[in-house]
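What follows is the residue order along each chain.
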Amino acid sequence: MPVARHRRVPRRLLATGLATLLAATGALAVTAQPASAGLTFLRPTSVAVTDAERPTGTFPSTDGTVPVGTWNDAEGGNHTSRAYFTFDLTRYHGQRIISARAITGEKTVNNCDKPRQLELWRTDTPATPPTWKNAPTARAKIADLSLPDAPCPWSYLSRLITETVATAVNGQQDTLTLMIRVGDAEESLHYGRRITNLGLSLEHNATPDAPGKLSVSGVACTDATFVGTTTPELQAELTDPDVNETGGSDQVTATFAWWPVDRPTERTEFTWPSSMYAPARFRYVVPQGQLADGGRYAFAVRATDQYGDTSAWSPECRFTVDTRKPAEPTVVSTDFPRYPEQSVGGPNVPGRFTLGANGSDDVVRYQYWGYDGYGQVAADGLGGGATFTYTPKRSGPHRIEVYSVDRTGNRSATVDYQFWVRDTAPRVTDGNPEGRLGQPREITFSPVMADVTEYVWWFNGEERTVAADAAGVATVTVIPTEIQNTLRVQSRTSGGVPSGDAQYAFHVRTSPFVSSPNWPDNGWPGTPAGTEGTFVFRPAMDDVVEYVYSFDGGDPQTVAAGPDGSVTINYTPRDVSNQTLEVFSRTSAGVQSESTYYSFHAASVAPEVNSEVYPRNLTGGGPGAPGAFTFTPHAGTSGVTSYVYQFANEPERTVEAGADGTATIHWTPQTFNTEYGGWTQLVVRARTAGGIVTDAQYYSFRVDPKSPLVASDVFGHQGGVVVGQTGEFVFTSQLAGSTEFVYSIDSGPERTVAVGADGTARVTWTADSPYSHNITVRSRTAAGVVSGEVYYGFWIDWS
């Protein structure tokens, strides 16, 4: 498809605007050179003035203006003049003149009361400068520049003279001479004037260039062009010599023609219905069913511009359609034969692979891809084979995928060639696998290949070489100074054949060893919470002088190491939750180790809690109902002297334990806790005579809300009541000792009603609006104890 280009300003608008500007500013006579091709303001190559009073003289234009008609000189003498303008037309030969406009303007006028009588004539081009006496022959009056409706003086006088200029150009005239004179009143002083030099505004059009840069499906045309499709894309570049002052060019469109080379009469043409600004590349896809495999075809292109001028046809581009894919290539290698045969080579050993066209006579190259490389190799002549070298980098299974490409670019099916690369990497043995930073390690290399004479090895990137002994073994010493280390080694035979790479990566531990006789890190609980125990830190580096540790991300603590680099710390866990101890060591030189993370949890010795009124995880009691809670020490705790306890949203309190270690407290809720639906938590810890505080017991229970009951014979969720109807609500107390009900309708203001002797109260209400309504009710005792709240919803019909 054509590629869109930005639209430029039309040339006719530019022609009129430019000519107006040049004439109005008096710039018409600045130069005799054209502004540009396509749209040109042409200035005369010569300007001559003749004078009847001086009939043998020729007078030039010195200031870009000329006198015409009768005028006075400085001494008062009268002169009658005509002006001749000669234009060079040679650069327009072969072009079409679309329009030509003669342009001048009045500089001064002797008498504006007299009508303008300016005439434009075509004359012969004089061989010598014209004079009044020897004037060129006037052939035809071609325009009247009088413009009776124009102001006086008027700086822009113009007329179309397209036929005159076009006739001269088409007749291959090199020049055109035009004369301006005053008409019948030429000898009257009243009609004389001074005008600017005549110019021609030309819109001309050159025939587009013959298209070039032809290609088929992206392939430039040559003597042997092949395409692999029956619907190729034909392309050509269209150019046009016309360019205006702003760089704008003509719009062009393309006509494509194609035909079988041996049947040129079967020609098909297609012209694009749209156009683009030159230069432009046009594309056309040949429809399905027009071309056949094996056929030889030609195409050509010609250009037509916006004015209908058409170029010559481009040179032919011939191509052959070839849609047949070549056969799968053959792949053979004696170095790396197909699996399951054993390979001769190994990693880092180059192997040769031989490829064949498998009967396809137009193969030009082969493409291959493998785990360790890819590329292409040219065929040895058309349809010939090829050989390439491939070097596997590791042992084990490998594959190479190969396909052939013919001269058209058609690809064969891919051959999947699988082979096995034997392991030839040497064996690596670490003589000191638990060595610390800075401690030597003796590393032994043992051969897998025969005739190994040396090893090339890299430790943390630095390359070295060591000779092997008679058995092919070598030993090297490394001193790791980093935590993460990598050693890579490759053996070589006396013939320089390399082995595969062996890689030994090892981590030097620097994080300290942590242990505890009280709290194991195997997931089992240790010494009970609240009991002091110990942790032991031992170094994994030399010269450790201190340890930095913290529990559960708390503030870090620093402790000095003993002479042997170890230390024991004391710790008392407060809770039984899982805890993490983080520890790292530091040397005298300030080298910091990695951290050790030690997870543990203490055994629970939380006291037991019991209550008959408020049983664990159940509903009991109620607002104003006292309940007893008994605290009993854990079997693993002795010497309990007191308990620290706290109910939700209440301050922490302490109760002394009896001789048997138990204690009982009493608790009475005054209100129902609506935030958690009545659920309350009691937290209890035991304290011993030795100051040990146990982990917490969390005892949860729910206080019975003792919410009142609400009933109504009139108002219910099913409706049946309309606005204006009156009914009663009956409240029944569930909280002992209630003296009043507190209620609210539709979240309105709270109201109270006394509780009757039977524990009930009645409230009358008149429905004031339809749809959903509700009433909330709770009861209250004289002591201020408040029950839970009950919500009663009901519906009022519209009518």
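Please refer to the structure higher up on the page.
Note that the structure is a prediction, hence the values are computed from the model and not measured. Counting of residues starts from 1 at the beginning of each chain's written sequence and follows it residue by residue. Two thresholds apply to this predicted model, a pLDDT of at least 70 for residue-level local features and 80 or more for giving and counting side-chain atom pairs, whereas whole-chain, interface and lining totals are computed over all residues. Where side-chain values are given, they derive from all heavy atoms of the structure, hydrogens and water being excluded.

### Considerations on the sheet that holds strand β32 (residues 441–446)
Inclusion rule: Whether two strands pair comes down to DSSP finding at least two bridges between them. Secondary structure elements are taken from DSSP: a helix is a run of H or I of four residues or more, a strand is a run of E of two residues or more, and numbering for both begins at the N terminus. In this description, a line fitted to the C-alpha atoms serves as the axis of each element, helices being fitted only across the stretch in contact, and the angle between N-to-C directions of two axes falls anywhere from 0 to 180 degrees.
Here three strands make up an open sheet; going across it, the order is β31-β32-β35 and the pairing antiparallel. Both edges of this open sheet fall to β31 (427–430) and β35 (474–478), since each of them pairs with a single strand only. Sheet twist, expressed as the mean angle between neighbouring strand axes with direction ignored, is 25 degrees. In terms of strand pairing, β32 meets β35 through five bridges, oriented antiparallel. Each residue of the ladder has a partner; that of Thr444, found in β35, is Thr475.

### Quick notes on the state of the cysteines
Quick note on the threshold: Cysteine sulfur atoms that come within 2.5 Å of each other are treated as a disulfide pair.
Under the criterion given, the structure shown has two disulfides. There is a disulfide in this structure between Cys112 and Cys152, and the S-S distance comes to 2.0 Å. Between Cys112 and Cys152 the disulfide shows an S-S torsion of about -75 degrees. By sign, it is left-handed. With Cys112 in the loop between β7 (106–109) and β8 (118–123) and Cys152 in the loop between β9 (138–144) and β10 (157–160), this pair connects stretches of sequence that are 40 residues apart. At a sulfur-sulfur separation of 1.7 Å, the disulfide partner of Cys221 is Cys317.

### Looking at the nonpolar core
Note on soluble globular proteins: their nonpolar side chains tend to be buried together. Heads up, the rule is: To form a nonpolar core, buried Ala, Val, Leu, Ile, Met, Phe, Trp, Tyr and Cys residues must be joined to one another through side-chain atoms within 4.5 Å. Accessibility here uses a 1.4 Å probe with only protein chains present; expressed as a share of the type maximum, an area under 20% marks a residue as buried, one over 50% as exposed, and anything in between as partly exposed. Here, two residues are considered to be in contact whenever any of their heavy atoms come within 4.5 Å of each other.
Residues Leu120, Ile161, Val165, Ile180 and Leu200 are the most contacted members of the largest nonpolar core, which totals 35 residues. Within the residue set of this core, elements represented by two or more residues are β2 (46–51), β4 (65–72), β5 (78–88), β6 (96–104), β8, α2 (162–170), β11 (175–182) and β13 (199–205). In this view, Leu200 contacts Thr40, Phe41, Leu42, Phe87, Arg101, Ala102, Ile161, Val165 and Leu178; residues no more than four positions away in its chain are not counted. One finds Leu214, Leu238, Tyr297 and Cys317 within the second-largest nonpolar core, a separate group that totals 25 residues.

### Overview of the layout of surface pockets
Any empty space left between atoms is shown by rolling a water-sized probe over those atoms. Cut-off, in case you're wondering: A pocket here means an open set of points on a 1 Å grid, computed over the protein atoms alone, that has protein on both sides within 12 Å along at least five of seven lines. A cavity is instead a set of points where a 1.4 Å probe fits but cannot get out; residues with an atom within 4 Å of a point line either one. Grid points are joined across faces, edges and corners, and a volume is the space filled by probe spheres set on the points. Under the convention adopted here, Pro, Cys and the residues Ala, Val, Leu, Ile, Met, Phe, Trp and Tyr are nonpolar, Asp, Glu, Lys and Arg are charged, and Gly plus all remaining residues are polar.
If you add up the space inside the largest pocket, you get close to 190 Å³. What lines the largest pocket is a set of 14 residues, and nearest its centre among them are Glu650, Trp667, Thr671, Asn673 and Thr680. Classifying every residue of the lining of the largest pocket gives six nonpolar, seven polar and one charged. Here the second largest pocket is characterised by a volume of approximately 160 Å³. As for the second largest pocket, its lining consists of Pro433, Glu434, Gly435, Arg436, Arg441, His507, Val508, Arg509, Phe513, Pro539 and Ala540.

### Thoughts on the pattern of salt bridges
Selection criterion: For this document, the term salt bridge refers to a Lys or Arg side-chain nitrogen within 4 Å of an Asp or Glu carboxyl oxygen.
All told, the structure shown has 29 salt bridges when counted by the stated rule. When the shortest N-O distance is used, the salt bridge between Asp51 and Arg54 registers 2.9 Å. Classification of Asp51 as buried rests on a relative accessible area of 0%. Across the pair Arg267 and Glu269 runs a salt bridge whose closest N-O atoms are separated by 3.1 Å. For Glu269, a relative accessible area of 43% corresponds to the partly exposed category. Residues joined in a network through salt bridges with shared partners are Arg82, Arg181 and Glu186.

### Some details on the sheet that holds strand β38 (residues 513–515)
Here three strands make up an open sheet; going across it, the order is β38-β40-β43 and the pairing antiparallel. Unpaired on one side and paired on the other, β38 and β43 (567–571) mark the two borders of the sheet. Taken over all neighbouring pairs, the strand axes of this sheet differ in orientation by 25 degrees on average, direction set aside.

### Observations concerning the packing of aromatic side chains
Note the threshold: Here a Phe, Tyr or Trp ring, Trp counted by its six-membered ring, pairs with any other such ring whose centre lies within 6.5 Å, and the pair is stacked when the planes are under 30 degrees apart, edge-to-face when over 60, and tilted otherwise. Our definition puts a charge over a ring when NZ of Lys or CZ of Arg is within 6 Å of the ring centre and also within 35 degrees of the ring normal.
On inspection of all chains with the given rule, the structure shows 58 aromatic pairs. The ring of Trp313 has Arg267 sitting right over it, with the charged end atom 4.6 Å from the ring centre. Directly above the aromatic system of Trp458 lies the positively charged group of Arg488, at a separation of 3.9 Å from the ring centroid.

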